[in-house]
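Structural description and commentary
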Amino acid sequence: MLKQFSISVLFLFISGVIFAQLQSPDEFLPHNYGKQFTPYYMIVDYVKHVANNSDRVQLKEYGRTNQDRPLLMAIISTPENLAKAEDIRKNNLRRSGLEEGRPTADNTAIVWLSFGVHGNEAGGPESSLAVLYALARAEDKEVQSWLENTIVILDPTLNPDGNSRYTHWYRNVANQINDPNPEARSHNEPWPGGRINHYLFDLNRDWAWQTQVESRLRIDQYMQWMPHIHVDFHEQFHNNPYYFAPAARPYHEYLTEWQADFQFDIGKNHAKYFDKNGWLYFTREVFDLLYPSYGDTWPMFHGAIGMTYEQGGHSRAGRGITMENEDILTLRDRIDHHRTTGLSTVEVASKNAKRMIEKYTEYYQKSSSDPKGEYKTYIIKGDNPAGKINSLLKYLERNHIQFGLSKSATTVTAFDYITGQDRKVKVESDDIIVSAYQPLSVMTQVLLDPKTAIEDSLTYDITSWSLLYACGLEAYATKQKMEVVPFVMSKVGRPLYKNKPAPYAYLYPWESLEDAQFLGNLLERGIKVRFASEPFKLEGVEYERGTLVITRADNRKMGANFAEQVERGADNRLIEVSTGFSDSGHDLGSAKMVLIKQPKIALLSGEQTSANAFGATWHFFEQDLKYPISVFDANRLGRIDLSAYNLLVMPEGWYGLSDNLMDKLNDWISDGGRLIAVGRACNSLRDKKGMALTKYASNEEKNKADQLSKIQEMEARLNHYTGQERRWISESMPGAIYKLQLDNTHPLGYGLEDYYFSLKTSSLFFQHIKNAWNVGIIGEDPMVSGFAGLNIKKKMENTTVFAVQDKGQGSITYMVDDPLFRGFWENGKFLFSNAVFFVGQ
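Because the structure is a prediction, the values reported are computed rather than measured.

1. Details of the overall build of the protein chain
- In terms of regular secondary structure, the protein chain is built from 26 helices and 37 strands.
- Against the compact-globule benchmark of 28 Å for 841 residues, the protein chain has a radius of gyration of 29 Å, which places it among compact chains.
- With respect to the three principal axes, the spread of C-alpha positions in the protein chain is 100 × 65 × 55 Å.
- Counting over 841 residues, the protein chain shows a buried share of 59%.
- Considering only contacts within the protein chain whose residues lie at least 6 apart along the sequence, 78% involve residues at least 24 apart.
- For the protein chain, the accessible surface area stands at approximately 34000 Å², while carbon and sulfur atoms represent 48% of it.

In structure tokens, the structure reads:
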């Protein structure tokens, strides 16, 4: 007995020596915690400190950001649970069907807490340190009792690059003695702000698309754990009280009653603590659960209880700011509030672990055996362009959605995504099949369904997003269950043969973004390329407009290296031809085979541009097209030597274009310059000297619109105060997919069908433009997926979305809708590539 006691004392002594050095953030950090922002490298240092000094924390670096900052996740529980964490993790995956085998009766809850997805909502990462410390302390017996049946995964900062941008700026400009005046410079962050990541993407809109490295790395880890609760900690305007679940309507129709109800249980537990402290809060307003790419909805579609918590603050609050009630909101307040809801969430999870896990298991059993939605199988025709199929499979693989081939040829009744109608479809053995009878059934249907049921049009984001429209595919959805044969699709490259005899020319189809990448690479390496402006037939094969033509004659300087240089990076669609004499149509030496002048691109940025839109364009060139550009602040446009460039891109923005600047642009365009204006950049060119763009097609149309506006204004004078939000949405366009009529005989439409599905995210419209090619237009009663306000939907009829104005030797491409929005509209990237490489050549 004495020996056993001595061993116990020795163990406690050793434990005390090893772990006695665990320090609070106040003790560890060199500054006064809660009175100053913690730079990200110090956040990393503190998290490492806790992991090194607590047997309740394991730390994992799961990747690096674009700016090479570490991405961290702390795994927190009792030492006993951590010792068997791998078994708990795999057992949980068995519940969802993502791991083979039958799950055991283990009832360990898994809670994932994510802080700082928006970098300038810096109260989140600060709060993560307080939550981590509270969970890691052995002395707090109540908290430790929660961890006996709970594993907590804590990500202190999802967006280190954005957080660093904000905190470094703030520390540079803030007074030593805090100034709470909201108008002070430390409360007014400059463009682009820290909210966004390196490429200026909003990572809280990227969960499903995973265009950004932070998202992809995080989702890889998430899918290895599949937590039962996920909380996304945010900040909102500083005057707003704290927001926590339950969420606002609308809910996506595939969310379960359990997921909705359990949010109330969590919210009531939070309210208990907020009531005790006298803190203001609100629920069931603003933040809905529809768009699938948020940090609350994406986990919800994976069976979890996904929630957003919003603390007043973000970039304006700084260390302290005067609120409208004349009180001061401090950084310490923000930390305390988030710490409270974070710990409260763990408490609720622990106390409801058995019930929560039972419902989670039931969610996957039901969804995989009896899919919720109307459509049970999605069919992607195998004769779609390979590049477009690859773009879809990329998103499916990122989301761990299973796909395969049809087990046998058959005929089914299915919804046609192109026409919006049901019809008989012959399914071939090489068609891609995505079945809803799979573990991630709900996410499959959410991402692929042609339409989203919207219970309430007062929503926070876009209302339609189907990847089958985004990728520009011929696809069908059927209510029938179909058998699937698994397969792995691989891209086959051409073998390289050095010193092989060079053909007369190479021809390469123009069908997808992959082809634009190939073209950009050729041009960068100095290879001369032409494109066909008319269809032709050569050596028995028919070729469409946009076909790339690479002749030996244009590239004589390459000599014997011609073949090897062209074939580098090409796939098996690169065709060798031995003659330039066409069977029909124009010969390869015809002027109809247009020589491509290598684009020398200037991209505008800065406070006159939308940071998100600029970032998406920057990312497109660097990461998608992998093509070099020069970036200039739009404020310097008047001082840029445009003669060094032949393409100027104006992303979505609000530009101040003086008469002198317009004269400069007009001269440059007339001399051969090409301008691409996107979104509200088009509005900045409207009615400007030399620009064909006007809002209305004629004075008569303008007068009609003015008269209608006056009538509506008169009627509005008698509107009731209540219901003004509902009236406003009749003019709103939160985000809907429109089917456009597309002139694919114009270079802007090469490689596309005579229609194009455009993601429309604003109420901006222009009637058909005089003295321009109206390439992409909305007709009468267009096919629409998603919500569009009644009034604006009518105004959109018979308007132009994409147009090209020829001007001297140059051109202006008007893009009213942004084809690069959030970086996931793959067919839009292809359309934009046409504007980059073909238009105005």
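2. Structural notes on empty space enclosed by the protein
- Inspection of the entire model under this criterion finds one cavity of 30 Å³ or more.
- Computed from the structure, the largest cavity encloses a volume of approximately 100 Å³.
- Elements that contribute at least two residues to the lining of the largest cavity include exactly α17 (467-470) and β32 (755-760).
- The element best represented in the lining of the largest cavity is β32, accounting for three residues.

3. Focus on the packing of aromatic side chains
- Applying the stated rule across the entire model yields 52 aromatic pairs.
- Where Phe620 meets Phe832, the ring centres are 5.4 Å apart and the plane angle is 80°; that geometry is what we call edge-to-face. Of this pair, Phe620 sits in helix α20 (residues 611-624) while Phe832 sits in helix α26 (residues 826-837); the two residues are 212 residues apart in sequence, bridging distant segments of the chain.
- Residue class for Phe620 comes out buried when judged on its relative accessible area of 1%.
- Of note, Arg218 hangs over the ring of Trp207, and the distance from its end group to the ring centre comes to 4.3 Å.

4. Here we look at the layout of surface pockets
- Reported here for the second largest pocket is a volume of approximately 800 Å³.
- Along its surface, the second largest pocket is lined by 25 residues, and Ala705, Leu708, Gln712, Asn791 and Lys795 are the ones closest to its centre.
- No other element matches helix α23 (residues 699-716), which puts nine residues into the lining of the second largest pocket.
- Class assignment for the residues of the lining of the second largest pocket results in seven nonpolar, eight polar and ten charged.

5. Describing helix α13 (residues 331-351)
- End to end, α13 covers 31 Å across 21 residues, agreeing with the expected 30 Å (1.5 Å per residue, within 8%).
- The element α13 is extensively covered by neighbouring structure, given that 16 of its 21 residues are classed as buried.

6. Describing the environment of Arg545
- The topology assignment puts Arg545 in the loop between β23 (541-543) and β24 (548-551).
- The class of Arg545 is partly exposed, set by a relative accessible area of 22%.
- Through-space distance from the C-alpha of Arg545 to that of Ala532 is 5.2 Å; in sequence the pair is 13 residues apart.
- Not counting residues within four places of it along the chain, the set of residues in contact with Arg545 comprises Ala532, Ser533, Glu534, Pro535, Asn744, Thr745, Tyr750 and Gly751.
- Among the polar contacts made by the side chain of Arg545, one reaches the main-chain carbonyl oxygen of Ser533 at a distance of 3.4 Å.
- For Arg545, the side chain forms a polar contact with the side chain of Glu534, separated by 3.1 Å.

7. A closer look at the confidence of the model for the protein chain
- Of the residues in the protein chain, 95% reach a pLDDT of 70 or more, and the chain-wide mean stands at 94.
- For residues 1-18, every residue scores under 50 in pLDDT, and the model assigns this stretch two contacts once sequence neighbours within four places are set aside.

8. Digging into the sheet that holds strand β25 (residues 575-577)
- Ordered by their spatial adjacency, five strands build an open sheet running β25-β20-β24-β21-β26, and the pairing between neighbours is antiparallel. Each edge of the sheet is formed by a strand with only one pairing partner; in this case those strands are β25 and β26 (593-595). On average, each strand axis in the sheet is inclined to that of its neighbour by 30°, with strand direction left out of account.
- The pairing of strand β21 (residues 530-532) with β24 spans two bridges and is antiparallel.

9. Structural notes on the side chain of Gln263
- Mapped onto the elements of the fold, Gln263 is located in helix α10 (residues 257-277).
- Assessed through its relative accessible area of 1%, Gln263 is described here as buried.
- Among the polar contacts listed, one links the side chain of Gln263 to the backbone nitrogen of Ala247, at a separation of 3.3 Å.
- Beyond its immediate chain neighbours, meaning those up to four positions away, Gln263 contacts Ala245, Pro246, Ala247, Tyr251, Leu289, Met300, Ile305, Gly306 and Met307.

10. Points about the nonpolar core
- Core analysis: the largest hydrophobic core is formed by 150 residues, its most contacted members being Phe824, Phe832 and Phe837.
- In this structure, Phe832 is in contact with Thr617, Phe620, Phe621, Val649, Ile676, Val678, Met815, Pro819 and Leu820, ignoring residues within four places of it in sequence.
- If you look at the next biggest cluster of nonpolar residues, it comprises 61 residues, including Tyr46, Phe115, Ala136 and Ile335.

11. Considerations on the pairing of β24
- Of the two faces of β24, both are covered, the one formed by Leu548 and Ile550 as well as the one formed by Val549 and Thr551.
- Bridge count for strand β20 (residues 505-508) against β24 is four bridges, and the pairing is antiparallel. Looking at the pairing, Leu507 lines up with Val549 of β24.

12. Comments concerning the pattern of salt bridges
- For the structure shown, the criterion picks out 36 salt bridges.
- Between Arg316 and Glu183 there is a salt bridge, with the nearest N and O atoms lying 3.9 Å from each other. With a gap of 133 residues between them, Arg316 in helix α12 (residues 314-317) and Glu183 in the loop between α8 (160-173) and α9 (213-225) connect regions that are remote in the sequence.
- Residue Arg316 is classed as partly exposed on the basis of its relative accessible area, which comes to 23%.

13. A word on unusual backbone geometry
- In this structure, the amide linkage connecting Ala245 to the following residue, Pro246, adopts the cis form with an omega of 10°.
- With respect to the helices and strands, the residue Pro246 is situated in the loop between β6 (242-243) and β7 (248-251).
- With an omega dihedral of 10°, the bond running from Arg249 to Pro250 counts as a cis peptide bond.
- Following the sequence through the fold, Pro250 ends up in strand β7.
- Look at Asp68: it is not a glycine, yet its phi comes out positive at around 65°.
- Structurally, Asp68 is set in the loop between β1 (57-64) and β2 (70-76).
- Positive phi, normally seen in glycine, also occurs at Glu539, with a value near 50°.
- Relative to the elements of secondary structure, Glu539 occurs in the loop between β22 (536-538) and β23.
- Given the relative accessible area of 39%, Glu539 is considered partly exposed.

14. Points about the packing of helix α18 (residues 513-524) against α26
- For the pair α18 and α26, interaxial distance at closest approach is 9 Å and the crossing angle is 35°. In this structure, α18 meets α26 at a crossing whose hand is left-handed. Only Glu826, Lys829, Phe830, Ser833 and Phe837 of α26 make contact with α18, whose side of the interface consists of Leu513, Ala516, Leu519, Gly520 and Leu523.
- A per-class count over the contact of α18 with α26 returns six nonpolar, two polar and two charged.

15. Topic: the sheet that holds strand β19 (residues 484-486)
- If you trace the seven strands from one edge of the open sheet to the other, you get β16-β15-β18-β13-β17-β14-β19, paired in antiparallel fashion. Both edges of this open sheet fall to β16 (421-427) and β19, since each of them pairs with a single strand only. Across this sheet, the average inter-strand angle for adjacent strands is 45°, counted without regard to direction.
- Where strand β13 (residues 377-380) meets strand β17 (residues 432-435), four bridges bridge the pair, whose relative direction is antiparallel.

Thresholds, definitions, all that
Residues numbered from 1 in each chain as written. Predicted model: local features only at pLDDT ≥ 70, side-chain atom pairs only at ≥ 80, totals over all residues. Heavy atoms only, no water. Helix = DSSP H or I, 4+ residues; strand = E, 2+ residues; numbered from the N terminus. Rg over C-alpha atoms; globule rule 2.2 N^0.38 Å. Buried < 20%, exposed > 50% of the residue type's maximum accessible area, 1.4 Å probe, protein only. Contact = heavy atoms within 4.5 Å. Areas by Shrake-Rupley, 256 points an atom, 1.4 Å probe, with all protein chains shown as cover. 1 Å grid on protein atoms, 1.4 Å probe; cavity = no way out; pocket = protein on both sides within 12 Å on 5 of 7 lines; lining within 4 Å. Points joined across faces, edges and corners; volume = space filled by probe spheres on them. Phe/Tyr/Trp six-rings, centres within 6.5 Å; stacked < 30°, edge-to-face > 60°. Lys NZ or Arg CZ within 6 Å of the ring centre and 35° of its normal. Nonpolar A, V, L, I, M, F, W, Y, C, P; charged D, E, K, R; others polar. Expected span 1.5 Å × (residues − 1). Polar contact = N/O pair within 3.5 Å; in protein donor to acceptor, adjacent residues only side chain to side chain. pLDDT = per-residue confidence, 0-100. Pairing = 2+ DSSP bridges. Axes fitted to C-alpha atoms, helices over the stretch in contact; angles between N-to-C directions. Core = buried A, V, L, I, M, F, W, Y, C linked by side-chain atoms within 4.5 Å. Salt bridge = Lys/Arg side-chain N within 4 Å of Asp/Glu carboxyl O. Left-handed = near helix turned anticlockwise from the far one by under 90°.

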